[in-house]
Amino acid sequence: MFIRGVGRTKFGVLSQSLQEMAYEVIIKSLEDAELSIMDIDAIIISNFLGGPLSSQLHLNSVIASLLPDINIPILRVETACASSSIALNQAMYSLQDYDNVMVLGVEKMTSKSMVGQTESIQMAADKYLDQAQGLIFPANYALIAQQYMLKYGLEHEVLENVSYINHQNANLNPLAHFYYKKVNMEMIRKSPIIATPLILFDCSPVSDGAASLIISKEQNSDRNIKILSSQFITDTISLTQRKNLTSFKAAKIASKKAYKESGVSQDDVDILEVHDCFTISELIALEDLGFCEAGKASELIMNDEILRDGSIPVNIDGGLKANGHPIGATGLAQIYEVVTQLRGEAEKRQVEGVEVGMTHNIGGIGGTAAITILGAV
């Protein structure tokens, strides 16, 4: 299967409605693919919070309403923050009889107060083990960071560098949530504590946004990108049900399956997008994906190996930390960046010689993990 067209909105606090963002990326991906809506055989939508934050579900029919008289199969996928990567997986394997399938991720997150947003996002955690105990996501990832620091002696300075690098990358991405924001290390260090040891700049923002892509059976141009592998694995929903808090088992299993399916190894990956909803998760991702041993990710970060000219460029679009995290669109935004890099169209943030790219998309606190590996043709 090939990715023929891609499109995305800017991420951030947007005035557009969920429907308006969805329509924008539908048009952009069609134009990029040089197709009309009549060429699309089916659509898969990924969305997490349409119900609680936009009072809108039945999104398959909502999208159909944007496309009058286009009566095709449309369905919705929801696996929390990993929704759109798994929507791609389902488009590939469940709808493989179709010639052209659109995958659309959209999220409107800023339509309610911060309390409403927090309560809604918390639905991705266990109702009794996490929600009822007030164990919100910053607190969960703070527990992970505490355990990692105790186990490996990690200093917070490393997390500060992760944040700084992502913001520097976002300054080269006009579509990023924090494209406009100039950040220095002093600002990061002086930001308020959210959940010890995590501070404000350790956390990804609440973002609106949408992204879309079109996959096709046949290659029609050298701008098409080949999908080498799409894998996902599920684990328990709560940290209280896990023995190891410094690694996500689902990500390790999914990445091993993806390496096997694609025929590539870590050494072949030229660019990597990881799910850094909190800075500590970037370290865990590098280790779970096999780019270093457990406890050694800090060496890659402090030795500048994850920079654009490093041995494994990571989150060149700014990552969730600075590009933004509109939950239902996040995985597709990662894929959008890898496609753009593989095409050599990333302009100021272009990594040289990219032939293979990989994305790592996590749902909840590692309860779902989706891995996508893409290659230039």
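The text that follows walks through the structure, step by step, so that each part is easy to find. What you see as residue numbers is a count from 1 along each chain, following the sequence as written. Where local features are concerned, this predicted model is filtered to residues with pLDDT of at least 70; where side-chain atom pairs are given and counted, the filter is 80 or more; whole-chain, interface and lining totals use all residues. Excluded from the side-chain calculations are hydrogens and water; all other atoms, namely the structure's heavy atoms, are used.

**Here's the deal with the overall build of the protein chain**
Think of it this way: any DSSP run of H or I at least four residues long counts as a helix, any run of E at least two long counts as a strand, and we number them from the N terminus. Scanning the protein chain for helices and strands turns up 13 helices and 11 strands. Summarising its shape, the C-alpha atoms of the protein chain cover approximately 60 × 45 × 40 Å along the three principal directions. A simple rule labels every residue: compare its accessible area, found with a 1.4 Å probe on the protein chains alone, to the largest value its type can have, and call it buried under 20%, exposed over 50%, or partly exposed in between. Within the protein chain, the proportion of its 377 residues that are buried is 60%. Nonlocal contacts in the protein chain, meaning residues at least 24 apart in sequence, comprise 77% of its contacts between residues at least 6 apart. What sets the accessible areas is the Shrake-Rupley method with a 1.4 Å probe; for residues, cover comes only from the shown protein chains. Surface exposure of the protein chain reaches about 14600 Å², of which carbon and sulfur atoms provide 50%. Computed over 29 positive and 44 negative side-chain charges, the inter-centroid distance for the protein chain is 4 Å. By definition, residues are in contact when any of their heavy atoms lie within 4.5 Å. A residue counts as positive if it is Lys or Arg and as negative if it is Asp or Glu; His and the chain ends are not included. Charge positions come from single atoms, namely NZ of Lys, CZ of Arg, CG of Asp or CD of Glu.

**Some remarks on the pattern of salt bridges**
Criterion for a salt bridge: a side-chain nitrogen of Lys or Arg within 4 Å of a carboxyl oxygen of Asp or Glu. In this structure the tally under the stated criterion is 10 salt bridges. One salt bridge in this structure joins R343 and D32, with 2.8 Å as the shortest N-O distance. In this pair, R343 is assigned in the loop between helix 13 (330-342) and strand 10 (356-363) and D32 in helix 1 (residues 18-33), connecting sequence segments 311 residues apart. Put simply, D208 and K108 hold a salt bridge, and the shortest N to O gap is 3.1 Å. Of this pair, D208 sits in the loop between strand 6 (198-199) and strand 7 (209-216) while K108 sits in the loop between strand 4 (100-107) and helix 5 (114-121), and the two are 100 residues apart along the sequence. Of the two residues examined, D208 and K108, each falls in the buried class. Connected through shared salt-bridge partners, D32, R223, R343 and E345 make up one network.

**Concerning helix 10 (residues 279-288)**
With 10 of 10 residues buried, helix 10 is to be regarded as a mostly interior element. Buried within helix 10 we find T279, I280, S281, E282, L283, I284, A285, L286, E287 and D288. Looking at the buried side of helix 10, the elements it contacts are helix 6 (137-152), helix 7 (156-170), helix 9 (249-262), strand 9 (271-273), helix 11 (297-302) and strand 10. Of the residues trailing helix 10, G290 is marked for its positive phi of about 85°.

**Overview of the nonpolar core**
Here, nonpolar core refers to any group of buried Ala, Val, Leu, Ile, Met, Phe, Trp, Tyr and Cys residues whose side-chain atoms link them within 4.5 Å. Of all hydrophobic cores here, the largest spans 61 residues; its most connected members are Y141, L272, I280, L283, L286, F291 and M358. Counting only elements with at least two residues in this core, the list comes to helix 6, helix 7, helix 9, helix 10, helix 11, strand 10 and strand 11 (368-376). Tallying contributions element by element places helix 6 first for this core, with seven residues. Not counting the four nearest positions on each side in its chain, L283 is found in contact with Y148, L154, V158, L159, V162, A297, S298 and I301.

**Some details on the packing of aromatic side chains**
Pairing of aromatic side chains here covers Phe, Tyr and the six-membered ring of Trp, requires ring centres within 6.5 Å, and sorts the geometry by plane angle: under 30 degrees stacked, over 60 edge-to-face, intermediate tilted. Under the criterion given, the structure shown has four aromatic pairs. An aromatic cluster is defined as three or more aromatic residues linked by ring pairs; in this entry it consists of Y141, F248 and F278. For a Lys NZ or an Arg CZ to count as sitting over a ring, it must be within 6 Å of the ring centre and within 35 degrees of the ring normal. Positioned over the ring face of F11 is R8, at 3.8 Å from the centre of the ring. Sitting over the ring of Y336, R8 keeps its end group 5.9 Å from the ring centre.

**Digging into the side chain of S281**
One can find S281 in helix 10. Exposure remark for S281: the relative accessible area of 3% places this residue in the buried category.

**As for the pairing of strand 11**
Taking burial as the measure, the nine residues of strand 11 include eight buried ones, the bulk of the element. Pairing between strands requires that DSSP locate at least two bridges from one strand to the other. Pairing between strand 8 (residues 225-234) and strand 11: nine bridges, direction antiparallel. By the bridge assignment for strand 11, I227 is matched with L374. Where strand 10 lies against strand 11, eight bridges are found, and the strand directions are antiparallel. Within strand 11, the residue paired with H360 across the bridge is I371.

**Describing the state of the cysteines**
Any pair of cysteine sulfurs within 2.5 Å is marked as a disulfide. Within the structure shown, the criterion is met by zero disulfides. The closest cysteine sulfur to the non-disulfide-bonded C81 is located on C277, 6.6 Å from its own sulfur. Judged by its relative accessible area of 6%, C277 is buried.

**A few points about the side chain of R242**
Structurally, R242 can be placed in the loop between strand 8 and helix 9. We call two N or O atoms a polar contact when they sit within 3.5 Å, provided that within protein one can donate a hydrogen and the other can accept it, with sequence-adjacent residues counted only if both atoms are side-chain atoms. Within polar-contact distance, the side chain of R242 engages the backbone oxygen of I365 at 2.8 Å. Apart from residues lying up to four places away in sequence, R242 is in contact with D235, T236, I237, F248, I365, G366 and G367.

**Regarding the sheet that holds strand 4**
Sheet architecture is open: nine strands sit in the order 3-2-4-7-1-8-11-10-9, paired in mixed fashion. Because the sheet does not close on itself, it has two edges, and the strands there are strand 3 (74-77) and strand 9. Across the sheet, the mean angle separating the axes of adjacent strands is 25° when strand polarity is ignored. Note on method: axes are straight lines fitted to C-alpha atoms, helices fitted across the in-contact stretch only, with angles between N-to-C directions ranging 0 to 180 degrees. Packing of helix 3 (residues 59-66) onto the sheet brings it into contact with strand 2 (42-46), strand 3 and strand 4, and relative to strand 3 it is tilted by some 135°. Relative to strand 8, helix 9 is tilted by about 150°, and along the sheet it contacts strand 8, strand 10 and strand 11.

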